[in-house]
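For reference, the chains in residue letters:
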Amino acid sequence: ASKTATFTKALADAAKRPVKAAAQMVQHPVDTVKGLPGGLSRFFDRVGSGSERLYDAATDESKSGSQRTEQVAKSTGQLTMDALGYEQERRKLAKQLGVDPYTTNTALAAKLDEFAKVAFYGRVGLNTLISVAVPASLVITSTSVTRDLVYDTPRGDLIVRNENALRAMGAKDEQIRALQAAPGFTLSAQTELVEQLGTLRGVAGRPAVVTLAGTAKSSDQALFLVRAVRMLAKQHAEKPIAEIHAAGTVFAKRRDGRLVVPAAVDYVAWTERLSRFANRSDLEAKQRTILLTGRMSPRAKKEFEALG
């Protein structure tokens, strides 16, 4: 698409267009946020939520004064760009490609930024230009409800929505902040986790899952946890769960007393580490079930069956 005449012209227009709002963002980001027109009153929920992130950035003692200043300027500038429509263009483009608009894949994120900025500053729609085969590994992995929320909800609104839902479940602000800061959890993955926890209405222990999620160091860890909760949500719809636990991994106890451990993995081999897990005292119960998306080695199956 970047080689087409339409894109080239839009790129040139974006480069030369005297966008006063953009200049204002860069030169006076804090004043710009304070001076947003009253017609954007709905945005202030998002600015309020964003201001807490700005405070965190401004008081981060692990960074130098100049680094904190740069981070605050960058954050306020992004808030203003979001309000003026850039973020909407980026989400629209991601939706067309079927990818996560909040992806941690640096190559994909850079291309989303490049095209969204041309659409935003160049005032051109890119819908007719895009035709690409996206690798399966980059396709967004979530339920249709979450995909709709991620693609159609402004980022700030989505953050506020997730925060309110987590507080309603009993999660504390520090747990919520840790989840938002977890390197492995994109906003999309956070939203999927919140949605799945929401289906476990009345189940005790959900805030503990939020705490565990806040420790995720990679997208693999985050997705493993999200899928585990999704499996428990499905189980709850069929056979109600009484409580959920999060100690190293997520497991649950059904109302009938059965312990359920979800495992969103392709293959389980019997190892010393798995043996320690299978013999944990907090996983003891008269009746136990493993929910597995893949399969077990013959040895693993034999050992688990021997343990009941």
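Structure first, text after, so check above.
These figures come from a predicted structure and were not determined experimentally. (Residues numbered from 1 in each chain as written. Predicted model: local features only at pLDDT ≥ 70, side-chain atom pairs only at ≥ 80, totals over all residues. Heavy atoms only, no water.)

Participant: For this particular structure, what's the right way to read the overall build of the protein?
Facilitator: Broken down by element type, the protein carries 15 helices and six strands. Here the protein, with 308 residues, has 44% of them falling under the buried criterion. When the accessible area of the protein is evaluated, it comes to approximately 16,600 Å², of which 53% is carbon and sulfur surface. (Helix = DSSP H or I, 4+ residues; strand = E, 2+ residues; numbered from the N terminus. Buried < 20%, exposed > 50% of the residue type's maximum accessible area, 1.4 Å probe, protein only. Areas by Shrake-Rupley, 256 points an atom, 1.4 Å probe, with all protein chains shown as cover.)

Participant: Quick question: what am I supposed to make of the pattern of salt bridges here?
Facilitator: Once their charged atoms are close, side chains differing in charge can pair, the charge on each being opposite to the other. In this structure the tally under the stated criterion is 14 salt bridges. Lysine 92 serves as the salt-bridge partner of glutamate 89, at 3.6 Å between the closest nitrogen and oxygen. Here lysine 92 and glutamate 89 lie together in helix 6 (residues 86-97), a separation of three residues that amounts to about one turn. Among the residues examined, lysine 92 registers a relative accessible area of 39% and is labelled partly exposed. Close ionic contact of arginine 276 with glutamate 272 constitutes a salt bridge, the shortest N to O distance being 3.6 Å. Here the residue arginine 276 and the residue glutamate 272 both occupy positions in helix 14 (residues 272-278), the gap between them amounting to four residues, near one helical turn. (Salt bridge = Lys/Arg side-chain N within 4 Å of Asp/Glu carboxyl O.)

Participant: Quick question: what am I supposed to make of the sheet that holds strand 3 (residues 259-263) here?
Facilitator: Strand pairing in a sheet relies on backbone hydrogen bonds, with the paired strands running either antiparallel or parallel. In spatial order, the strands read 1-2-3-5; together these four strands make up an open sheet with mixed pairing. Each end of this open sheet is capped by a strand with a single partner; those strands are strand 1 (241-247) and strand 5 (288-292). Pairwise comparison of adjacent strand axes, ignoring direction, gives a mean angle of 25 degrees for this sheet. The sheet contact formed by strand 2 (residues 249-254) and strand 3 spans two bridges and is antiparallel. Across the sheet, alanine 252 pairs through a bridge with valine 260, a residue of strand 3. Lying on the sheet, helix 12 (residues 206-213) is in contact with strand 1 and strand 2; it crosses strand 1 at an angle near 25 degrees. (Pairing = 2+ DSSP bridges. Axes fitted to C-alpha atoms, helices over the stretch in contact; angles between N-to-C directions. Contact = heavy atoms within 4.5 Å.)

Participant: Just to check I follow, could you spell out the packing of helix 8 (residues 144-152) against helix 11 (residues 187-199) for this structure?
Facilitator: Geometrically, a packed helix pair is captured by the angle between its two axes and the distance between the axes. Between helix 8 and helix 11, whose axes approach to 10 Å, the crossing angle comes to 135 degrees. The angle between the axes of helix 8 and helix 11 places the two elements in the oblique class. The interaxial crossing formed by helix 8 with helix 11 has right-handed handedness. Every residue of helix 11 that contacts helix 8 at Val145, Thr146, Leu149 and Val150 is listed here: Ser188, Thr191, Glu192 and Glu195. Here the contact of helix 8 with helix 11 is composed, by residue class, of three nonpolar, three polar and two charged. (Parallel < 35°, antiparallel > 145°, perpendicular 65-115°, else oblique. Left-handed = near helix turned anticlockwise from the far one by under 90°. Nonpolar A, V, L, I, M, F, W, Y, C, P; charged D, E, K, R; others polar.)

Participant: I'm lost on the side chain of arginine 90 in this one. Help?
Facilitator: Looking at the secondary structure, you find arginine 90 in helix 6. On the basis of relative accessible area, arginine 90 is assigned to the buried category, the value being 13%. For arginine 90, the side chain forms a polar contact with the main-chain oxygen of proline 101, separated by 2.2 Å. Among the polar contacts listed, one links the side chain of arginine 90 to the side chain of aspartate 113, at a separation of 2.8 Å. Those residues in contact with arginine 90 that sit more than four places away from it in its chain are Pro101, Tyr102, Ala109, Leu112, Asp113 and Ala116. (Polar contact = N/O pair within 3.5 Å; in protein donor to acceptor, adjacent residues only side chain to side chain.)

Participant: For this particular structure, what's the right way to read the nonpolar core?
Facilitator: Nonpolar side chains in soluble globular proteins generally cluster together in the buried interior. Of all hydrophobic cores here, the largest spans 31 residues; its most connected members are Leu166, Phe185, Leu193, Leu197, Val209 and Leu225. Considering each element in turn, this core owes the most residues, six residues, to helix 13 (residues 219-238). Phe7, Phe115, Tyr151 and Leu158 belong to the second-largest nonpolar core, a separate cluster that totals 17 residues. (Core = buried A, V, L, I, M, F, W, Y, C linked by side-chain atoms within 4.5 Å.)

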